[in-house]
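This is what each chain is made of:
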Amino acid sequence: MQRVSSVPRADQTRALALSTIAFTACFAVWTIFSIIGVAIKKELGLSESEFGLLVATPILTGSVTRLFLGVWTEKYGGRLVFSAQMILTALATWMLTFAHSYIMYLIAALGIGLAGGSFIIGIAYVSRWYDAGRQGTALGIFGAGNVGAAVTKFLAPFVMVAYGWQGVAHVWAAGLAIMGVVFLLFAKDDPLLVERRQKGIRAPSLAEQFAPLKNLQVWRFSLYYFFVFGGFVALALWMPHYIIDVYGIDVRYAGMAAASFSLSASLFRAYGGYLSDRFGARQVMYWTFGFSLIFLFMLSYPPTDYIIQGKNGPIAFSTEMGLWPFILILFSLGFFMSLGKAAVYKHIPVYYPNHVGAVGGLVGMIGGLGGFVLPIVFGAALDLTGIYTSCFWILFAIVAVSLAWMHMSIRAMERRAHGAVLDQLPELPEMQPIHDPEVTRMARVLEDWRPEDPQFWETTGRRVARRNLWISIPALLLAFSVWMVWSMVVAKLPAIGFDFSTGQLFWLAALPGLSGATLRIFYSFMVPIFGGRLWTTLSTASLLLPALGIGYAVQNPATPYLIFLTLALLCGLGGGNFASSMANIAYFFPKAEKGNALALNAGLGNLGVSVMQFLVPIVITSGVFGAMGGEPQVLSDGTRLWLQNAGFVWVPFIIASTIAAWMGMNDIADAKASFREQAIIFSRFHNWVMCILYTGTFGSFIGYSAGFPLLTKIAFPEVNALQYVFLGPLVGALSRAGTGWISDRWGGGRVTFWTFLGMIVAVFGVIASLGAGSFAGFFASFMTLFFLTGVGNASTFQMIPAIMAREIPRLMPELDAERQRRQAERESAAIIAFTSAIAAYGAFFIPKAYGTSIALTGSPVGALWAFLIFYVICLVLTWAYYTRRGGLLHDLERGRGQAAGPAAQAAV
């Protein structure tokens, strides 16, 4: 690590003082909208959500630019980058006064947001002047520049009363420009930059600076900072507005009250740095999260009236927090958040001394994004619930997750260091007299996993693999249910009072398919990075967001369209889960059983579509959750609906599945891999061929599932399509679950070939039935199509491990047999997940193709002919590359067929 003991104390003090003053000025500008935004909101007549977006927009720029400004500071030095950043921000602040519309204000706010990037510049610059023993204190003092938010809260209201909000912008811009020039003239280049220039050492490349970002630890630090800094910025922006509305006081006094929070959350950061140097950053983070939980619980409790039926009659009382207790608790919360901010950045120079800019930039960016996202979420939550304290509910949840993750990470570290000793301890102290140290807890990480070893598989492997499979299946079923439930919700929105246009409803229906397919691309690579157990737990728990969101949003016809767009995108979390679930299960089973295991996981998971289409129409007709579920929606004919149950019904099952995944699943040590190691699949030719083939099977299944009801309604309006919509997905899901063994026995390539041939005939049957006006023929042909897509889904996934087992020895002959096996398994899992991501776009494109065909020709037949031609292409690709004589799988599957023939005859 760079030693700076020879640097003069005067130079260190100069660098720290100038950086802290500059950061204070930048932070004052960065939070300017917390005061002038109130006047702009009144001037433009903005809603709560629009105001939240305006206040948060500067935070977006300041957050995103932190990553790049940190890298540039590492390369060019803090003196030049800091000065340029301040002067450019001052110009943007001055230009704000020329805006005349909401859009122009948002654009100007993006420029003002550059002020927020100053934080990482100062962190990278100041850390180079101090050694590790004093960095915590120095960075804490620098971070106290957050007090700039309090400067704005104290002074800006008085300037605004005297000169208008434009006067505030002019004064703040002039002050920042002057500070930029002063910093350029009087600051010095840091010792490391000077040494690098003297020795002619090149600046580190982007790849070298970004290398540590692949570490999960960096992202954990980012979550901590999302709360301690992002939550601080969000509350600093939100509190004046909150205090004015809740307590009804003047803007000047509201600004001073909010400034007390900004002061405590800023000035004590220096003390947090000192405590981190003395007691350790981990201990300080425990204090921060523990006390924050207590204070946020107190702040989140809304004013409530209670009536208790007592012995002598009703007893009425109420709870409400007064202004002064509110300010006191908010001040205390700010104190511990300031300690946490210092503690987070104490970690970075210690763990990553040569990557402070890149790592600190990412952590600062995520924290800053919290300041952008949270005010929007606060506004949306207020619009949605009508409860002002909902902003504190959200922060309480973030702190709870952060504390749990930190504690589990520390426990995991302790177990790695002292695992054998810890296994000697009883589960509870009271069990000490009966504890048998030979009986230890189930290992969560499987260090030795050899599914291809017959003895290992029979004695240990099969039992563990099946347990993980049967926990994975219900989690995936719930994911599919949540992914597709939006289609049922959108269809009912106009009936319960939502005045959305047809175009708006179309986008609401289409977005889950788009986001689900896109998320699959990212989810494809998550299991080797995070581990199957942790990622299944997190991805399943994430389904609570759309499930609860739907339940609350549909109860208020005034819910903004933006909220519904967000919920539609969040439903895609369920679609993304498929990719990671399949990749995870693929690691557990040997090649001989992989096809059937993947078929069961995917097939019974796909069953979630039918479960949803069967269950939702039932639960929305009754108050399943009583008073907890909210009031029903009354239709024009007097019918009552509890549409919120379409979301709420999944919540208890999601919670149970999340707990089961955490308690019962395993990680495989050999399955760990970075994104870079997995990205090799993009250079594999057969990855792209299998993307096409799987789009022909799963893309057809999910697309037909989405479009079958609408197509039936258009083609046969006299038929009640709702009686039949669940049958197609049901047939496809069950056929996938029940036919995986066929591919394991006769070969996935052969089964895929005959599947596409059957699908061509079935599509032709649909076209002929539409021409003849025969619903029976139409329905039978579509049921055949659904059945065949299920068979093809299983067979194509069975092909992928077989293909890579043959390709890896050819592509990587330098690896020994064991390493070739691991590489083949790793790439197979990644390809399985990636192909599922590409194929999921069928959920969007097949219904869209129907609509386009009807718009151009007045009939869906044109789209069906396009599908038929695509299946012909898939048939040719399967034959040309895999099943013809000389094809990649021909010899392997011919041997299987010969072995299966006598066995099949004997079974008959």
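Residues numbered from 1 in each chain as written. Predicted model: local features only at pLDDT ≥ 70, side-chain atom pairs only at ≥ 80, totals over all residues. Heavy atoms only, no water.

### Describing the overall build of the protein
A tally of helices and strands in the protein yields 36 helices and six strands. Taken across its 908 residues, the protein has 55% of its residues classed as buried. For the protein, the share of sequence-separated contacts (at least 6 apart) that also reach a separation of at least 24 residues comes to 83%. Accessible surface, the protein: about 36,800 Å² in total, of which carbon and sulfur atoms supply 68%. (Helix = DSSP H or I, 4+ residues; strand = E, 2+ residues; numbered from the N terminus. Buried < 20%, exposed > 50% of the residue type's maximum accessible area, 1.4 Å probe, protein only. Contact = heavy atoms within 4.5 Å. Areas by Shrake-Rupley, 256 points an atom, 1.4 Å probe, with all protein chains shown as cover.)

### Remarks on the environment of phenylalanine 183
Along the chain, the position of phenylalanine 183 falls in helix α8 (residues 148–186). Relative accessible area serves as the criterion here: at 0%, phenylalanine 183 is assigned to the buried category. Residues phenylalanine 183 and phenylalanine 82, spaced 101 residues apart in sequence, show a C-alpha to C-alpha distance of 7.7 Å. If near-sequence neighbours (up to four positions away) are discounted, phenylalanine 183 is found in contact with Leu18, Ser19, Ala22, Gly78, Arg79, Phe82, Ser83, Met86 and Tyr125.

### Regarding the pattern of salt bridges
Overall, the coordinates contain eight salt bridges when judged by the stated rule. One salt bridge in this structure joins arginine 79 and aspartate 189, with 3.4 Å as the shortest N-O distance. Linking arginine 79 in helix α4 (residues 78–95) with aspartate 189 in the loop between α8 and α9 (191–199), this pair joins segments that are 110 residues apart in sequence. We note a salt bridge from arginine 810 to glutamate 807, for which the minimum N-O separation is 2.7 Å. Here the residue arginine 810 and the residue glutamate 807 both occupy positions in helix α32 (residues 775–811), the gap between them amounting to three residues, near one helical turn. What makes arginine 810 exposed here is its relative accessible area of 54%. (Salt bridge = Lys/Arg side-chain N within 4 Å of Asp/Glu carboxyl O.)

### With respect to the environment of leucine 330
Following the sequence through the fold, leucine 330 ends up in helix α15 (residues 323–351). Between the C-alpha atom of leucine 330 and that of methionine 298, which follows or precedes it by 32 residues, the distance is 10.0 Å. Ignoring sequence-local partners within four residues, the contact set of leucine 330 consists of Met239, Phe261, Ser264, Leu299 and Phe392.

### Some words on the packing of aromatic side chains
As enumerated under the stated definition, the model contains 51 aromatic pairs in all. Between phenylalanine 295 and phenylalanine 336 the ring centres are 6.1 Å apart and the planes differ by 40°, which places this aromatic pair in the tilted class. Separated by 41 residues along the polypeptide, phenylalanine 295 in helix α14 (residues 281–300) and phenylalanine 336 in helix α15 bring together distant segments of the chain. One exposure class covers both phenylalanine 295 and phenylalanine 336, and it is buried. Taken together, a centroid distance of 6.3 Å and an interplanar angle of 55° make the contact between phenylalanine 870 and tyrosine 871 tilted. Classification of phenylalanine 870 as partly exposed rests on a relative accessible area of 27%. An aromatic cluster is present here, built from Phe701, Tyr704, Phe716, Phe775, Phe778, Phe779, Phe782, Phe786 and Phe867 joined pairwise through their rings. Sitting over the face of the ring of phenylalanine 232, lysine 341 holds its NZ or CZ atom 3.6 Å from the ring centroid. (Phe/Tyr/Trp six-rings, centres within 6.5 Å; stacked < 30°, edge-to-face > 60°. Lys NZ or Arg CZ within 6 Å of the ring centre and 35° of its normal.)

### Here's the deal with the nonpolar core
In terms of nonpolar packing, the biggest core is built from 137 residues, with Trp486, Leu493, Leu508, Tyr704 and Phe782 touching the most fellow members. In terms of residue count, helix α18 (residues 454–492) provides more of this core than any other element does, 18 residues in total. By size, the runner-up hydrophobic cluster in this structure holds 120 residues, among which are Ile36, Val159, Leu176 and Phe392. (Core = buried A, V, L, I, M, F, W, Y, C linked by side-chain atoms within 4.5 Å.)

### Examining the confidence of the model for the protein
The share of residues in the protein with pLDDT of 70 or more is 87%, and the mean pLDDT across the chain is 79. Model confidence for the protein, summarised as mean pLDDT per element, is weakest for helix α36 (residues 890–907) at 47 and strongest for helix α26 (residues 651–664) at 91. Note that pLDDT drops below 50 for residues 438–442; the model gives that stretch seven contacts with residues more than four away or on any other chain. Within the model, the stretch residues 897–908 combines pLDDT values under 50 with six contacts to residues more than four positions away or in other chains. (pLDDT = per-residue confidence, 0-100.)

### Considering the environment of alanine 824
If you trace the backbone, alanine 824 turns up in helix α33 (residues 817–839). C-alpha of alanine 824 to C-alpha of proline 801: the two residues are 23 residues apart in sequence and 7.2 Å apart in space. The contacts of alanine 824, once residues within four sequence positions are left out, are Met804, Ala805 and Ile808.

### Let's talk about α9
Residues Pro191, Leu193 and Arg196 constitute the buried set of α9. Phi turns positive one or two residues past the end of α9, at glycine 200, with a value near 70°.

### Some remarks on a nonpolar patch on the surface
A cluster of nonpolar residues, Leu80, Ile87, Leu88, Leu91, Val181, Leu184, Leu185 and Phe186, forms a patch on the protein surface that exposes about 730 Å² of accessible area. For the nonpolar patch, the secondary structure elements donating two or more residues are α4 and α8. Topologically, leucine 91 is positioned in helix α4. (Patch = residues over 30% accessible without salt bridge, like charges linked within 9 Å, V, L, I, M, F, W, Y side chains within 5 Å.)

### Brief notes about helix α21 (residues 532–541)
Most of α21 is tucked away, with eight of its ten residues classed as buried. Gly532, Arg533, Leu534, Trp535, Thr536, Thr537, Ser539 and Thr540 are the residues of α21 that are buried.

### Observations concerning the side chain of serine 781
As for its placement among the helices and strands, serine 781 is situated in helix α32. Given the relative accessible area of 12%, serine 781 is considered buried. Residues in contact with serine 781, not counting those within four places in the same chain, are Ala762, Gly765, Val766 and Ser769.

### A look at the side chain of threonine 20
With respect to the helices, strands and loops of the structure, threonine 20 is situated in helix α1 (residues 9–30). According to the relative accessible area criterion, threonine 20 is buried, its value standing at 15%. In this structure threonine 20 touches Ile141, Phe142 and Gly145, once residues within four positions along its chain are discounted.

### Comments concerning the packing of helix α23 (residues 561–588) against α33
In the contact formed by α23 and α33, the axes pass within 8 Å of each other and the chain directions differ by 155°. Taken as axis vectors, α23 and α33 run roughly antiparallel relative to one another. The two elements α23 and α33 cross, and the hand of that crossing is right-handed. Touching Phe578, Ala579, Met582, Ala583, Ala586 and Tyr587 of α23 are Glu825, Arg826, Ala829, Ile832, Ala833 and Ser836, all from α33. (Axes fitted to C-alpha atoms, helices over the stretch in contact; angles between N-to-C directions. Parallel < 35°, antiparallel > 145°, perpendicular 65-115°, else oblique. Left-handed = near helix turned anticlockwise from the far one by under 90°.)

### Overview of the packing of helix α2 (residues 33–44) against α8
Contact geometry for α2 and α8: axes closest at 8 Å, N-to-C directions at 40°. With respect to each other, α2 and α8 are oriented oblique. The interaxial crossing formed by α2 with α8 has right-handed handedness. Residues Ser34, Ile35, Ile36, Ala39, Ile40 and Glu43 of α2 pack against Thr152, Lys153, Ala156, Pro157, Met160, Trp165 and Val168 of α8. Taken together, the residues of the contact of α2 with α8 break down into nine nonpolar, two polar and two charged. (Nonpolar A, V, L, I, M, F, W, Y, C, P; charged D, E, K, R; others polar.)

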